[in-house]
Amino acid sequence: MIEVKKLHKSFKKLQVLKGIDLTVNDGEVVGIIGASGSGKSTLLRCIDYLEKPNAGQIHFDEVDFDVKKATKGDITYMKSHTTMVFQQFNLFKQKTALENVMEGLVIVQKKSKEEAKKIALEYLEKVGLLDRAGHYPSQLSGGQQQRVAIARALALDPKVILFDEPTSALDPEMIQEVLKVIRDVAKSGKTMLIVSHEMNFIYDICDKVVFLEDGKVLQEGTPRDVLINTENDRIKQFVSKVNFVERYVNQYSI
Amino acid sequence: MANVFDWRLIFSNIPELMQYLPITLEVTIISYVMSLVVGLAVALIKIHKPRVLYQITAFYVSFTRGTPVLVQLYLTYFGIPMILQFINYKWGTNYNASFIPSIVFALVALSLNSAAYNSEFIRAAIESVDRGQIEAANSIGMTGWQTLRRIVIPEAFVVALPSLGNALINMAKSTSLVFTCAVVDITAGGKLIAGRNYRYFEMYLSLSIIYWAITLVISTIFRYLEKRVKVGDKEVVVIYDRSKKAA
């Protein structure tokens, strides 16, 4: 579905991505892990075209282009078929939960208000927030805001949902409610890319894990390959420092 | 004392002044709206800094803030006919400045003056909008224009609201200078009426009362608006009530 080849991105003189190759198949859940500053978020942001990559090839379903020669159509295609769930939720502050979910449906997908409302309520129900539809973001907890953000992303039915550290800004009690929703999304067969430091969760729900180090892919494979059976000392060292304990994994299976 | 100062006149003047109030309100509202549109455009130029256009607006803002509004009214009143004359001379056209209603000069001068000031707080308000909001809009596929219209402006509006109120109050008071452009607003009308009996002082007091009342009305409206747009204090809209469905 997505095939990224030799993707480069730098901010002024700082090279962040130094030639990333990544393949994501239809319906796959891919976890992207690595230390802070390794380029995880930048990779997601390049795929959503929030950042323009400097060099590389992107093949995404119907479009196949060299990023240096990307046309407006290519970029629009990338943007309209990928949706990001942000660390800071980024709900529209002046809109209710319902309006947040409806916004893209009405403005981008040009659906009628009634239809958009029906779809939006359906997705708010999926994330368990139907009774909060009329609340403004400032009237919701962090976990609830993130669930609304997930509903907003899901409602647009993008081909890929990108999760950029979706639980990093939440306190421990709220992390679980958000992870549960993401898990449900994963089970529904949606293609997803997740950047997260919740190693147990990544281990549990991902089909594939990619370990980034200094803007390059250090290893990719099944969660077991990367997190447990790795031969790489750097990854061993990383895994030993994050809260990954294999025997706890099942506890996270809510 | 009754001959020097007649306080009853202060109030009896007011009904007669009211016939000029529509002009004052018209100039205030039209100039205000235009000043916001131009102010927004200038603010966007200041933010995105397109070449040439940015330099032009920087000059315009600097000039406008550096000269008194009274002088600017004279400049438009005498400047626009001169420009027309020049155009006629250069291209052989036949525009006649005397067909331009004098209110147009006042509207142009006041709105351009106010727009220069407005652009500054509009810029600050737009820049106060969290980048994450723009990225979220971008991520769900909204275009730059849609994001500006649907997300950025509504949020910037909340921040800018107190300054917007101030700008309107200033505009209402600046209209007292439009007699320079031969527009008869309440101040000009007051002068004309007072010319009949030389009771200028009473007339200026009547005018003060009217301007003060206008200002109070504007600030009350804006206080109400400010309360309304504060989203956190809004009452929750119940769209779906779990308890009702169960019943």
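Okay, so let's go over this structure. (Residues numbered from 1 in each chain as written. Chains lettered and ligands numbered in written order. Predicted model: local features only at pLDDT ≥ 70, side-chain atom pairs only at ≥ 80, totals over all residues. Heavy atoms only, no water.)

Turning our eyes to something else, we now look at the sheet that holds strand β10 (residues 216-221) of chain A. Residue and element names in this part refer to chain A. On the basis of which strands lie adjacent, the open sheet formed by 6 strands has the order β6-β7-β8-β3-β9-β10 and mixed pairing. Lying at the two open borders of the sheet, with one neighbouring strand each, are β6 (82-85) and β10. Ignoring strand direction, the axes of neighbouring strands in this sheet form an average angle of 20 degrees. Strands β6 and β7 (160-164) of the sheet are contacted by helix α5 (residues 142-155), whose axis makes an angle of about 180 degrees with β6. (Pairing = 2+ DSSP bridges. Helix = DSSP H or I, 4+ residues; strand = E, 2+ residues; numbered from the N terminus. Axes fitted to C-alpha atoms, helices over the stretch in contact; angles between N-to-C directions. Contact = heavy atoms within 4.5 Å.)

The geometry of an aromatic ring pair is captured by two quantities: the separation of the ring centres and the angle between the planes. All names here are of chain A. Overall, the coordinates contain 9 aromatic pairs over all chains when judged by the stated rule. Their ring planes at 70 degrees and their centres at 5.7 Å tell us that F60 and Y77 sit as a pair that is edge-to-face. With F60 in strand β4 (residues 55-60) and Y77 in helix α2 (residues 72-81), the pair connects residues that are 17 residues apart, well separated along the chain. Taking the relative accessible area as the measure of exposure, F60 reaches 0% and is therefore buried. Relative accessible area serves as the criterion here: at 10%, Y77 is assigned to the buried category. Between F211 and F238, the ring centres sit 5.1 Å apart and the planes meet at 85 degrees, which makes this aromatic pair edge-to-face. Residue F211 is found in strand β9 (residues 208-213), and its partner F238 is found in helix α9 (residues 233-241); the two are separated by 27 residues along the sequence. Among the residues examined, F211 registers a relative accessible area of 0% and is labelled buried. (Phe/Tyr/Trp six-rings, centres within 6.5 Å; stacked < 30°, edge-to-face > 60°. Buried < 20%, exposed > 50% of the residue type's maximum accessible area, 1.4 Å probe, protein only.)

Spatial relationships are all this shows, so hold off on functional conclusions.
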